[in-house]
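Residue-level structure breakdown
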Amino acid sequence: MTKPCIICVALTGSVPTKADNPAVPISVAEQVESAQAAFEAGASIAHCHVRNADQTPSSDPEKFARLKEGLEKHCPGMVIQFSTGGRSGADHARGGMLPLRPDMASLTVGSNNFPTRVYENAPDLVDWLAGEMRAHDVLPEIEAFDLSHIHHAAMMQRDGRLPRKLYVQFVMGVKNAMPADKDVFDYYVKTVQRLAPGAEWCGAGIARHQIEVNEWCIAAGGHTRTGLEDNLRLDKATLAPSNAALVERAVALCQKYERPVATWQQAREILDAPLRAA
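Summary of the structure given here. Source: prediction; values computed, not measured.

Helix and strand content of the protein chain: eight helices and 14 strands. Relative to its length of 278 residues, the protein chain is compact, with a C-alpha radius of gyration of 17 Å against a globular reference of 19 Å. Overall, the protein chain is about 45 × 40 × 40 Å in size when its C-alpha atoms are taken along their principal axes. Considering the protein chain as a whole, with its 278 residues, one finds that 55% of them fall into the buried category. For the protein chain, the share of sequence-separated contacts (at least 6 apart) that also reach a separation of at least 24 residues comes to 70%. Carbon together with sulfur atoms contributes 53% to the accessible area of the protein chain, which is approximately 11500 Å² in total.

Our focus in this paragraph is helix 7 (residues 243-256). Over its 14 residues, helix 7 runs 20 Å from end to end, which matches the ideal 20 Å to within 8%, given 1.5 Å per residue. Counting buried positions along helix 7 gives 10 out of 14 residues, so the element sits mostly inside the fold. Of all the positions in helix 7, only N243, A244, A245, L246, V247, R249, A250, V251, L253 and C254 are classed as buried. Looking at the packing, one finds that the buried side of helix 7 touches strand 1 (7-10), helix 1 (28-41), helix 6 (210-220), strand 12 (223-226) and strand 13 (233-235). If you check the start of helix 7, you find a side-chain oxygen 3.4 Å away from the backbone N of A244, and it comes from S242.

Phi is positive for A207, which is not a glycine, with a value near 55 degrees. Inspection of the secondary structure assignment puts A207 in the loop between strand 11 (200-205) and helix 6. Positive phi, close to 55 degrees, is recorded for D272, a residue that is not glycine.

A separate point is the packing of helix 4 (residues 147-158) against helix 5 (residues 182-195). Running from N to C, helix 4 and helix 5 point in directions that differ by 15 degrees, and their axes come no closer than 10 Å. In terms of orientation, helix 4 lies roughly parallel with respect to helix 5. Between helix 4 and helix 5 lies a crossing whose hand is right-handed. Taken together, the residues of helix 5 that come into contact with helix 4 (itself represented by L147, I150, H151, A154 and R158) are Y187, Y188, T191, V192, R194 and L195. Of the residues belonging to the contact of helix 4 with helix 5, the class tally is seven nonpolar, two polar and two charged.

What follows is about the packing of aromatic side chains. Inspection of the entire model under this criterion finds nine aromatic pairs. Here Y119 and F145 contribute two aromatic rings whose centre-to-centre distance is 5.7 Å and whose plane-to-plane angle is 85 degrees, an arrangement assigned as edge-to-face. Linking Y119 in strand 8 (residues 118-119) with F145 in the loop between strand 9 (139-144) and helix 4, this pair joins segments that are 26 residues apart in sequence. Each of the two residues, Y119 as well as F145, counts as buried. Ring-pair connections join several aromatic residues into one group, and the members of that group are F170, F185, Y188, W201 and W216.

Further remarks concern the environment of P115. With respect to the helices and strands, the residue P115 is situated in the loop between strand 7 (112-113) and strand 8. With a relative accessible area of 37%, P115 lands in the partly exposed category. Linking P115 and P260, residues 145 residues apart in sequence, is a C-alpha distance of 36 Å. In contact with P115, not counting residues within four places along its chain, are R87, V174, K175 and N176.

This brings us to the sheet that holds strand 1. Within a beta sheet, neighbouring strands are joined by backbone hydrogen bonds and run either parallel or antiparallel to one another. Taken in spatial order, the eight strands close into a barrel running 1-2-5-6-9-10-11-12, and their pairing is parallel. Strand-to-strand twist across the sheet, computed as the mean angle between neighbouring axes with direction ignored, equals 25 degrees. As paired elements, strand 6 (residues 104-107) and strand 9 share four bridges and run parallel to each other. Within strand 9, the position partnered with A105 by the bridge is P140. Those strands touched by helix 7 are strand 1 and strand 12, and its axis lies near 160 degrees from that of strand 1. Lying over the sheet, helix 8 (residues 264-271) contacts strand 2 (45-48), strand 5 (79-82), strand 6, strand 9, strand 10 (167-172), strand 11 and strand 12, oriented at roughly 60 degrees with respect to strand 5.

Rules used in this analysis
- The numbering scheme is per chain: residues are counted from 1 as the chain's sequence reads.
- Per-residue local features are limited, in this predicted model, to residues with pLDDT of at least 70; the limit for side-chain atom pairs, both in listing and counting, is 80 or more; totals at the level of whole chains, interfaces and linings are taken over all residues.
- Only hydrogens and water are set aside; all other atoms, that is, all heavy atoms of the structure, feed into the side-chain values.
- Numbering goes from the N terminus for both helices and strands, where a helix is a DSSP run of H or I of at least four residues and a strand is a run of E of at least two.
- Radius of gyration: over C-alpha atoms. The globule rule applied is 2.2 Å multiplied by the number of residues raised to the 0.38 power.
- The classification of residues rests on relative accessible area computed with a 1.4 Å probe and restricted to protein chains. Under 20% of the type maximum is buried, over 50% is exposed, and intermediate values are partly exposed.
- Any two residues having at least one pair of non-hydrogen atoms within 4.5 Å are treated as being in contact.
- Exposure was quantified through the Shrake-Rupley algorithm and a 1.4 Å probe, taking into account, for residues, occlusion by the shown protein chains and nothing else.
- Expected span of a helix, by definition, is 1.5 Å for each gap between consecutive residues, and there is one gap fewer than residues.
- Throughout this description, a polar contact denotes any pair of N or O atoms lying within 3.5 Å of each other; where both atoms belong to protein, one of them has to be capable of donating a hydrogen while the other can accept it, and for residues adjacent in sequence the pair is counted only when both atoms sit in side chains.
- Axis definition: a line fitted to C-alpha atoms, limited for helices to the stretch in contact. Angles are taken between N-to-C directions and run from 0 to 180 degrees.
- Note that the term roughly parallel is reserved for angles under 35 degrees, roughly antiparallel for angles over 145, roughly perpendicular for angles of 65 to 115, and oblique for everything else.
- What makes a crossing left-handed is the near helix being turned counterclockwise from the far one by less than a right angle; a clockwise turn instead makes it right-handed.
- Polar here means any residue outside two lists: the nonpolar Ala, Val, Leu, Ile, Met, Phe, Trp, Tyr, Cys and Pro, and the charged Asp, Glu, Lys and Arg; Gly therefore counts as polar.
- Two aromatic rings from Phe, Tyr or Trp, using only the six-membered ring of Trp, form a pair when their centres are within 6.5 Å; if the ring planes differ by under 30 degrees the pair is stacked, by over 60 it is edge-to-face, and anything between is tilted.
- In this analysis, strands are considered paired if DSSP registers two or more bridges between them.

Next comes the structure, spelled out in structure tokens:
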């Protein structure tokens, strides 16, 4: 299989803390350092959240601006993807960083259950976030926690709300949401290919499911996500020492299936996300 595999590294998220794993990067400086090592290991997308000094999640555009500046300096060419997830803020605050014009931003187009709450994505908020991404030329990454999210994203592309190339990520293994199930995964791939034939897709497995979803994606010709946001361990007994270590594990799977790891240039070509002028 000759198609390059894009590896996304999810650096920190909103939930894990240093008490869970000391390697979790919290400050902007820590995240830039961690991203640089992951970039050198083979990651071509950095999925970005920002945190407060007390490790709680934030949606502060100023923090996102400093993170973007650091990534552009130390990881030149890497695709920068901001999170608009619901743990970091409410309503329009979730998209307050989009005027910074990252290359990409996550977009969840429907609601679902999380371990202890509802992850609410009301239709008017989804439409507003999609509109902000159009206005600032930001490529959405559709985070699909449910089959309906794939159908809705395809509909939004057809009616022009998502005019750019569709990039769909299957999120599997979140408690109370879609489990990491190979039959479901296969049907997700089939559904994307049927509803949006030109789309690219990837997968993210949560916690112990990270490595199996990585392997499913790489074996099936898609792209994949890894990183400490989703999983803190190499195995049941061993904490992951870094984001780079998790990227290296995905790279080894690419070698197993004879998939080239996408360079940042190849990732941008596949995504149709050219490097912005300085």
